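Spelled out from the first residue to the last, the chains are:
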Amino acid sequence: MNKVKVRFAPSPTGPLHIGGARSALFNYLYALKTGGDLVLRIEDTDLERSRREYEEEIVTSLRWLGLSWQEGIDTGGANGPYRQTERLDTYRRYTEQLLAEDKAYPCYCSEEELEAERQELLAAGELVRYSGKCRTLSAEEIAVRAAQGIKPAIRFQVPDSKEFVVDDLVRGRVVFHSDNEGDFIIVKSDGIPTYNFAVVIDDSLMGITHIVRAEEHLSNTPRQLMIYQALGLAIPQFAHISLILGEDRQKMSKRHGATSLIQYREMGYLPDALFNFLSLLGWSPEGEEEILKPEEIAAAFSLERVSKSPAVFNLEKLNWINQQYIKKLESTELLSMVQPYLAASEHCQEFEAYDRSKQLLIIETIRDQMVCLKDIKQLIDIFFIEAEADDEARELLATGSAEGVFDQFAAGYPEADAPGEIKAFLKKLVKDNKLKPKDVYMPLRCALTGQMHGPDLPNMISIWGRDECLRRLNQARK
Ligand code: GLU
Ligand code: ZN
């Protein structure tokens, strides 16, 4: 088999969406798995909506996710330029070829004319498609319009009564009939090619062997096949991957929460966690294990295991995956990763006043509660706010049975107070007083934090140290 070459071809009309990221990822994985190449091409023929900022943001998002490509917009390569608006001369050559071979023709119809035609067809309950009326314009008729300065669009002449077949690697055999398509525009009157035309020329010239893209483009495929055939170009393989739905089984949209990759990055989801999560949107590994490193996913990936049915974006699952990745980080790594989020906390300065070993201990103490990095902002509050006892805690403290424990705690607080020593000290209080562990832990926890539940108590005591703990106990006694 020839070397595989795939491409991701975003339109820079917005930030990189979850769906786009998933398409890019599947292409990347397929290239990696097969030892092929990936191309990043920018499809910016929608001049009104395309923006350079979006293009840059897409590139940044893809790199952040851990993707790389052999050819493309920022890497260059032998088949550039990789931005469609810089390839207009190339498209023009192919347009001329189609015109010369009578496979395309200029269309002078105005918007109004076309709209009137559309309305008539709608009213008659017929299939809405272009009538083909400019197909038969004579050379004189064309000359007259050209002399009037009217700029035509170029339409592709759809062959009559032909079948077009895609053996889609995900969806199986799909058959289209050309009679369902009217002659469609390949170059707009401003000289800019349409998506269906430019995509075929680029995929062909760039040597793309497999087109892995979203299912919504399946309906564009017959038009693209017609162009491949008309130009005598080799047709690549197609793999249309299913839609991503929200949990309500509706197409993913802003309603479902964050939809762009950058939003997840900002919330503090880890790139490897998202990589892992996105890979499971429509693909599944053979084994049970779902937490997989990028290289494990690449090794296991195959288009055969890409599902035909829609994928559901399950935020709970993403959160769970992210937590698994957070759990695996070294605490020094986690500490440096939470820095930007700490800066947003009102307790940032107090946190920084602690020496590094205590900062690391704080991070360790709250790590398990962290779903994404931004959670640090609320999670560190407990170390710095005054312990206002909530109802449950107040009730427990009101029994007053813990006074003795508090006295012994104050009197016996150990010189060395790392978490291990605190743990041993609390154990001793339990033993000396012939109590159950919870009779020591709960009153202390309630008095020190104001809450019945929370992070590891010996850790918190160790972080605060003797003075702060005693201050908190006295406060609670009042
Ligand atoms: N520019 C198209 C899009 O962003 C690419 C479609 C394709 O992959 O062919 O949807
Ligand atoms: Zn026309």
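It should be noted that the structure appears before, not after, this text.
Owing to the predicted nature of the structure, the values given are computational and were not obtained by experimental measurement.

Enquirer: Give a description of the overall build of the protein chain that names residues and reports values.
Expert: Counting its regular elements, the protein chain contains 21 helices and twelve strands. Relative to its length of 478 residues, the protein chain is extended, with a C-alpha radius of gyration of 32 Å against a globular reference of 23 Å. Along the first, second and third principal axes, the C-alpha set of the protein chain runs to 105 × 50 × 40 Å. Put simply, the protein chain has 478 residues, and 49% of those count as buried. A separation threshold of at least 6 residues defines the contact pool for the protein chain, and within that pool the share at least 24 residues apart is 74%. With an accessible surface of roughly 23,300 Å², the protein chain has 49% of that area assigned to carbon and sulfur atoms. Averaged over its 58 positive side-chain charges, the protein chain has a centre that lies 3 Å from the centre of its 75 negative ones.

Enquirer: Can you tell me about the pattern of salt bridges, naming the residues and giving the values?
Expert: Between side chains of opposite charge, pairing is possible as soon as their charged atoms come close. According to the stated counting rule, one finds 34 salt bridges in the structure shown. The salt bridge partner of Lys5 is Glu71, with a shortest N-O separation of 2.8 Å. Taken together, the positions of Lys5 in strand β1 (residues 5-8) and Glu71 in strand β3 (residues 71-72) put the pair 66 residues apart, joining distant regions of the chain. Assessed through its relative accessible area of 10%, Glu71 is described here as buried.

Enquirer: Explain the site of ligand 1 residue by residue, including any values.
Expert: As a structural note, the neighbourhood of ligand 1 is formed by Arg7, Ala9, Pro10, Ser11, Glu43, Tyr195, Val199, Arg213 and His217. Between ligand 1 and Arg7, the relevant distance is 2.7 Å, taken from an oxygen atom to a side-chain nitrogen or oxygen of the residue. Burial of ligand 1 by the protein chains amounts to 81% of its free accessible area of 300 Å². Per-class residue counts for the shell around ligand 1 are four nonpolar, two polar and three charged.

Enquirer: Give a detailed account of the sheet that holds β1, specifying residues and quantitative values.
Expert: Spatially, β1-β2-β3 is the arrangement adopted by the three strands of the open sheet, whose pairing is parallel. The strands lining the two open edges of the sheet, one partner per strand, are β1 and β3. Here β1 pairs with strand β2 (residues 37-40) via four bridges, running parallel. Bridging across to β2, Lys5 finds its partner in Asp37.

Enquirer: Report on helix α14 (residues 356-366), specifying residues and quantitative values.
Expert: Taken as a whole, α14 has its buried residues at Gln359, Leu360, Leu361, Ile362, Ile363, Thr365 and Ile366. Those residues of α14 hidden inside the fold are in contact with α12 (331-342), α13 (348-353), α15 (376-379), α16 (381-384), α19 (419-432) and α21 (457-477).

Enquirer: So what's going on with the pairing of strand β9 (residues 210-214)? Which residues, and what values?
Expert: In terms of burial, β9 is a largely internal element, five of the five residues being buried. Of the pairings in the sheet, the one linking β9 to strand β10 (residues 237-241) comprises five bridges and is parallel in character. When the bridges of β10 are listed, Val212 appears paired with Ala239.

Enquirer: Please set out the environment of Ala31 residue by residue, giving values where relevant.
Expert: Relative to the assigned elements, Ala31 resides in helix α1 (residues 18-34). Take Ala31: its relative accessible area is 4%, and that puts it in the buried class. Through-space distance from the C-alpha of Ala31 to that of Ile211 is 11 Å; in sequence the pair is 180 residues apart. When sequence neighbours within four positions are dropped, the list of residues in contact with Ala31 reads Val6, Gly36, Asp37 and Leu38.

Here is what the cut-offs are and how they apply
- Residues numbered from 1 in each chain as written.
- Chains lettered and ligands numbered in written order.
- Predicted model: local features only at pLDDT ≥ 70, side-chain atom pairs only at ≥ 80, totals over all residues.
- Heavy atoms only, no water.
- Helix = DSSP H or I, 4+ residues; strand = E, 2+ residues; numbered from the N terminus.
- Rg over C-alpha atoms; globule rule 2.2 N^0.38 Å.
- Buried < 20%, exposed > 50% of the residue type's maximum accessible area, 1.4 Å probe, protein only.
- Contact = heavy atoms within 4.5 Å.
- Areas by Shrake-Rupley, 256 points an atom, 1.4 Å probe, with all protein chains shown as cover.
- Lys, Arg positive; Asp, Glu negative; His and termini not counted.
- Charge placed at Lys NZ, Arg CZ, Asp CG, Glu CD.
- Salt bridge = Lys/Arg side-chain N within 4 Å of Asp/Glu carboxyl O.
- Near = heavy atom within 4 Å.
- Polar contact = N/O pair within 3.5 Å; in protein donor to acceptor, adjacent residues only side chain to side chain.
- Nonpolar A, V, L, I, M, F, W, Y, C, P; charged D, E, K, R; others polar.
- Pairing = 2+ DSSP bridges.

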